[in-house]
Amino acid sequence: MEDEIRTDRKCPHCGQLLEPWMGPPETGWGILLVCNNNQCPLFLDSNNTVAEFNPESKLGFRYAEDPANNYTSFNLATYCGSSYMDMCKK
Ligand SMILES: [Zn+2]
């Protein structure tokens, strides 16, 4: 795999630099760029939206781009673990 992933990409929702993240092997993804900001408006809103339909859900969505696909943006489903609970539930 080429190691030429850009590191100057920023999240359009919060302005934080996107961080490289290796997708789970079963997804077939390579390195993705992900917004890891727990205060990101997209992330906070996503969990509120999910919670409306399923209060037990700890899923949220983070902004992500796929370097292997011309930096196409998409919403990466992510699990809000216990350490994120306080931030997911505002
Ligand atoms: Zn963000």
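The rules behind the values
- Residues numbered from 1 in each chain as written.
- Predicted model: local features only at pLDDT ≥ 70, side-chain atom pairs only at ≥ 80, totals over all residues.
- Heavy atoms only, no water.
- Donors = N, O, S within 2.8 Å, 3.2 Å for Na, K, Ca; no water.
- Tetrahedral: all angles 85-135°; square planar, octahedral: opposite > 155°, others 65-115°.
- Helix = DSSP H or I, 4+ residues; strand = E, 2+ residues; numbered from the N terminus.
- Salt bridge = Lys/Arg side-chain N within 4 Å of Asp/Glu carboxyl O.
- Buried < 20%, exposed > 50% of the residue type's maximum accessible area, 1.4 Å probe, protein only.
- Pairing = 2+ DSSP bridges.
- pLDDT = per-residue confidence, 0-100.
- Contact = heavy atoms within 4.5 Å.

1. A closer look at the coordination of the zinc ion
In this structure, C11 (SG), C14 (SG), C35 (SG) and C40 (SG) serve as the protein donors to the zinc ion, at separations of 2.3 to 2.4 Å. Seen from the zinc ion, its 4 donor atoms lie at angles of 97 to 116°, and the figure they make is tetrahedral. Each donor residue of the zinc ion belongs to the same chain, and together they define the spacing C-x2-C-x20-C-x4-C. Residue C14 is found in the segment before β1 (19-22), and its partner C40 is found in the loop between β2 (31-34) and α1 (41-53); the two are separated by 26 residues along the sequence.

2. Thoughts on the pattern of salt bridges
Going through the model one piece at a time under the given rule, you end up with 2 salt bridges. The partner of D8 in a salt bridge is R6, and the shortest N-O contact between them spans 3.1 Å. Looking at D8, the relative accessible area reads 48%, which means it is partly exposed. For R9, the salt bridge goes to E65, with nearest N and O atoms at 2.7 Å. Of this pair, R9 sits in the segment before β1 while E65 sits in strand β3 (residues 59-66), placing them 56 residues apart in sequence. Residue E65 is classed as buried on the basis of its relative accessible area of 3%.

3. Section: unusual backbone geometry
Of note, N70 is a non-glycine position whose phi angle comes to about 60°, a positive value. Note on placement: N70 falls in the loop between β3 and β4 (72-79). Here N70 falls in the exposed class, since its relative accessible area comes to 69%. Non-glycine residue Y71 carries a positive phi angle of around 60°. The topology assignment puts Y71 in the loop between β3 and β4.

4. Side note on the pairing of β3
For a regular strand, side chains alternate in direction, first toward one face of the sheet and then toward the other. Judged by how many residues are buried, β3 sits mostly within the fold: 6 of 8 residues are covered. Both β2 and β3 contribute to a ladder of 2 bridges, which runs antiparallel. For V34, the partnering residue across the bridge sits in β3 and is A64.

5. Regarding the confidence of the model for the chain
Model confidence for the chain is summarised by a mean pLDDT of 80, while 80% of its residues fall at 70 or above. Within the chain, no element has a lower average pLDDT than helix α2 (residues 85-88), which sits at 45, and none a higher one than β2, at 92. Confidence drops under pLDDT 50 across residues 82-90; counting only partners more than four residues distant or on other chains, this segment forms 17 contacts.

6. Observations concerning the environment of N75
Residue position: N75 is located in strand β4. For N75, a relative accessible area of 46% translates into the label partly exposed. Once the C-alpha coordinates of N75 and G60 are considered, the two residues, 15 residues apart in sequence, prove to be 9.1 Å apart. Not counting residues up to four positions away in its chain, the partners in contact with N75 are L42, F61 and R62.

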